[in-house]
Amino acid sequence: GYEPIPISAGSFNIYPQLNVSTYAVDNLYATSSNTEGDVALMVVPSITAQSTWSEHSLAVTASGRARFWADNSSENSVAANLNVVSGYDINSKLSWVNQGSYRHEVQNRTDVGALRTSTEPVTYDVFYFNSQLIYSFGRVRISGSAGAQKLAYSDVVTDPDVGAQPLIPDRSLLIYELRGEYA
């Protein structure tokens, strides 16, 4: 695939990217009757700044995704993502990596499991943080990590007379992992 050419900015390389595509669907609202097709333009910009340090590391990525429908502008959507990863080399065998991210997502009606009775696409936010220690010696690597993720859904309107109802519960998840690898 296409890989962006880095732009040098001090001790960082900057990787800008822009993807533009169009596609068509034959059942935009994913209904069993009265199907309606449409054509969409999708614009996906992103930019990554990656450190070029000999020790430690830092990478920041920001991206977006805008979808514009030709005949059904009520289905237009914008999603966004911000991701930060830092690495700290404690010594030649031990490193500490942290990752934090925020995503604002839109669930399209044609997605598997999507809520089809809402008056507009469902949006949700994802907050994520993970911290990992990695110990390497010879051909062995042992790592342990702990993280947390929270999904926060917008209120969904399914019937104009009822008003906003949180039909999809927010949820949190704690993640722990211990891994051993041999290469």
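All of these numbers come straight from a predicted model, not from anything done at the bench.

Basis of the calculations
- Residues numbered from 1 in each chain as written.
- Predicted model: local features only at pLDDT ≥ 70, side-chain atom pairs only at ≥ 80, totals over all residues.
- Heavy atoms only, no water.
- Helix = DSSP H or I, 4+ residues; strand = E, 2+ residues; numbered from the N terminus.
- Contact = heavy atoms within 4.5 Å.
- Salt bridge = Lys/Arg side-chain N within 4 Å of Asp/Glu carboxyl O.
- Buried < 20%, exposed > 50% of the residue type's maximum accessible area, 1.4 Å probe, protein only.
- Phe/Tyr/Trp six-rings, centres within 6.5 Å; stacked < 30°, edge-to-face > 60°.

Would you mind going over unusual backbone geometry in detail, with residue names and values included?
Despite not being glycine, His56 shows a phi value in the positive range, around 65 degrees. Along the polypeptide, His56 turns up in the loop between β3 (38–51) and β4 (57–69).

Go over the environment of Ser46 with me, naming the residues and quoting the values.
Structurally, the position occupied by Ser46 is in strand β3. Note: C-alpha distance between Ser46 and Glu177 (131 residues apart in sequence) is 30 Å. When neighbours within four sequence positions are excluded, Ser46 is seen to be in contact with Tyr15, Pro16, Gln17, Ala62 and Ser63.

Account for the pattern of salt bridges, naming residues and giving values.
This structure, assessed with the given rule, holds four salt bridges. Notably, a salt bridge pairs Arg103 with Glu105, separated by 3.3 Å at the nearest N-O pair. The shortest N-O distance in the salt bridge between Arg179 and Glu177 comes to 2.8 Å. Under the relative-accessibility criterion, Arg179 is labelled partly exposed at 40%. Connected through salt bridges with shared partners, the residues Arg65, Arg103 and Glu105 form a single ionic network.

Which residues make up the packing of aromatic side chains, and what values do they have?
Enumeration according to the criterion identifies five aromatic pairs in this entry. Taken together, a centroid distance of 5.5 Å and an interplanar angle of 75 degrees make the contact between Phe12 and Trp53 edge-to-face. A residue pair is termed long-range when its members are at least 10 positions apart, and Phe12 in strand β2 (residues 12–25) and Trp53 in the loop between β3 and β4 qualify at 41 residues. Note on Phe12: relative accessible area 22%, which makes it partly exposed.

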